[in-house]
Amino acid sequence: MTNLRILHVDDEPDIRELVQMSLSLDSDVTVKSCSCGSEALIEAAEWTPHVILMDVMMPTMDGPRTLQHLRENGATAKIPVVFMTARAQTRELTHFLSLGAAGVIPKPFDPMTLAGAVRSYAPPLTG
Amino acid sequence: MRGWINEAFDRAEQPARARPRGERAAQELFKLAVEACPSGMMVVDRDGRVVMANSEIEHLFGHDRHALIGQPVEILLPAAMRASLDALRAEFVKNPQVRRTGTRRELVGLHGDGSEFPIEVGLYPIRVRDSLLVLAVITDISERKKNERLKDEFVSTVSHELRTPLTSITASLALLSTGGAGPLPPAAARLIGIAHSNGQRLVRLINDILDIEKIESGQMIFHLEPVNMRGLVEQAVETSRAYADTLGVKVRLNIQSPAVEVYADTDRLTQVVSNLLSNAIKFSPREEEVIVGITQRGDIVRLTVRDHGPGIPEDFKARVFDKFAQADSSDTRQKGGTGLGLSIVKQIVRRLGGEVGFRSEIGAGALFFVELPRWHENARSRVSARGKEVA
């Protein structure tokens, strides 16, 4: 079975560590973490993850702007991006989806079900 | 232009003896009332010219009120706002009904020094013989706008700044309590479990407070559509089962519940059903059953949630749907509730054009019900007409 590659982007080091641990509960998942949008653009193009799990509010380049840059690059244009945010009211959810996000996972998240939730946005894996 | 007030002023020039005593007294009373009003008050004729203004208008707009008499009222608004004023006046002349203040009829005022400020306007028709005058009550809402901005910022802060650290805390505790970081000694596991469940309680409290704030400020958007009530309730019952299991309570949907459609917002109606279920489960003794039912009578669909708990005390019944209401102040701690769940239920149901209520006797449990209009083509216009489709 092909490992599911998930790129996680969040400026909070604690959240990065917790998401890494939570996703790693699924042994078929490989996780890489980035602390900002610009780092994520480079890593996404080089590593080509199956899914990008990304915070919305980050300094310098926020989640929506990072998503826009990912869409402009042919190498990353089709990677599903799932936002993870504390602003998970209906209006915000609709807005994020209209920007092209594949889905939204609200914070606080459930670490026990996080890997499954992210996997549901991944394209079918082969091999 | 000779408006009613001018006529009143003209008569005021006449010897006091020439005017009937009753009319004179009424004019004096009117003038006093207008002058004493803390809001700006202005009488405008149907051509939009100022006939009279009180001293608060002078204070608000920085114009000598006597110099305003006979001037077009447009001079009190910035150029960009004048089209809105024309529309407001045309609509009022067409249908001269009272438009009270406090109904969010907001415009922008233009001060004599060129500065702009938000105002709210109430309009009251005054019919004098064959002409129509308008009494405009104008309130400066700068302070209210500032407070609304502060509240929005506060909500945003609560939403993000509080949830972000809470994410780290609850996720860490969840991982620890489920052995994600290795086995724990029993006493430590117990303590972590307590911390975890209280962290989740804090998350629920924050979410409930945010929901209440959004509903009350009219910022909660309702996406109305035909919703299969039975399907939605089945889903909510399934979701609640894990919580019911932890308390040893059974939950079931009455199998005779029909598959009917209501006109509602799926997410918000799910919230209503979940809150009622959670409440019923929370107050049910172990091994007891919570029964959910759906019935239809005419154009009304009724959802019932019945528990076999201790019932609602008589002196608490009037406050059941109040915010932060608990029958016993110790209940909050004992039952882990926020005291906001039923208040949210009531507000959502009202916004959906429905009713909520309950029946209960001490020792005989409680039955909460929600009544919503059954979906059919006319339901959409009926709910929209009540201004309930979108906040």
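Above this note sits the structure.
Each chain has its residues counted from 1, following the order in which its sequence is written. Whichever chain is written first becomes A and whichever ligand is written first becomes 1, with later ones labelled in order. At least 70 in pLDDT is required for a residue's local features to be given in this predicted model, at least 80 for side-chain atom pairs to be given and counted, and no such filter applies to totals for whole chains, interfaces and linings, which use all residues.

Caption draft 1: Focus on the pairing of strand β11 (residues 355-360) of chain B. Residue and element names in this part refer to chain B. Only strands that DSSP links by at least two bridges are regarded as paired with each other. To qualify as a helix, a DSSP run of H or I must reach at least 4 residues; to qualify as a strand, a run of E must reach at least 2; elements of each kind are numbered from the N terminus. Sheet topology note: the β11/strand β12 (residues 366-373) ladder contains 6 bridges and is antiparallel. Paired with Glu 355 across the bridge in β12 is Glu 371. Linkage of β11 to β12, two consecutive antiparallel strands, is achieved through a turn of 5 residues, within which Gly 363 is found at a positive phi near 85 degrees.

Caption draft 2: Spotlight on the sheet that holds strand β4 (residues 116-128) of chain B. Residue and element names in this part refer to chain B. Pairing is antiparallel in the open sheet, where 5 strands are placed in the order β2-β1-β5-β4-β3. Only two strands of the sheet have a single partner each, and these edge strands are β2 (50-53) and β3 (106-110). In this sheet, adjacent strand axes meet at a mean angle of 35 degrees when their direction is disregarded. Where β4 and strand β5 (residues 131-140) come together, 10 bridges link them in antiparallel fashion. Counterpart to Ile 119 in the pairing with β5 is Asp 140. Structural elements are reduced to axes, namely lines fitted to C-alpha atoms, with helices fitted over the stretch in contact, and the angle between N-to-C directions of any two is expressed from 0 to 180 degrees.

Caption draft 3: Local environment of the environment of Val227(B). All names here are of chain B. Relative to the helices and strands, Val 227 is located in strand β6 (residues 225-228). The sequence separation of Val 227 and Arg 374 amounts to 147 residues, and the corresponding C-alpha distance is 9.6 Å. The contact criterion used is a C-beta to C-beta distance within 7 Å, with each C-beta placed from the backbone. Leaving out residues up to four positions away in the same chain, Val 227 has contacts with Leu 232, Glu 261, Val 262, Ala 264, Thr 266 and Leu 269.

Caption draft 4: Just unusual backbone geometry, in detail. Here Lys107(A) and Pro108(A) are connected by a cis peptide whose omega angle stands at 0 degrees. Along the chain, the position of Pro108(A) falls in the loop between β5 (103-106) and α5 (114-119). At Thr48(A), a position not held by glycine, the phi torsion is positive, near 40 degrees. On the secondary structure map, Thr48(A) appears in the loop between α2 (37-47) and β3 (51-55). Around each residue's C-beta, the other C-beta atoms within 10 Å are counted; 20 or more make the residue buried, 12 or fewer make it exposed, and counts in between make it partly exposed. All C-beta atoms are placed from the backbone. On the basis of neighbour count, Thr48(A) is assigned to the partly exposed category, with 13 C-beta atoms found within 10 Å. Non-glycine residue Glu287(B) carries a positive phi angle of around 75 degrees.

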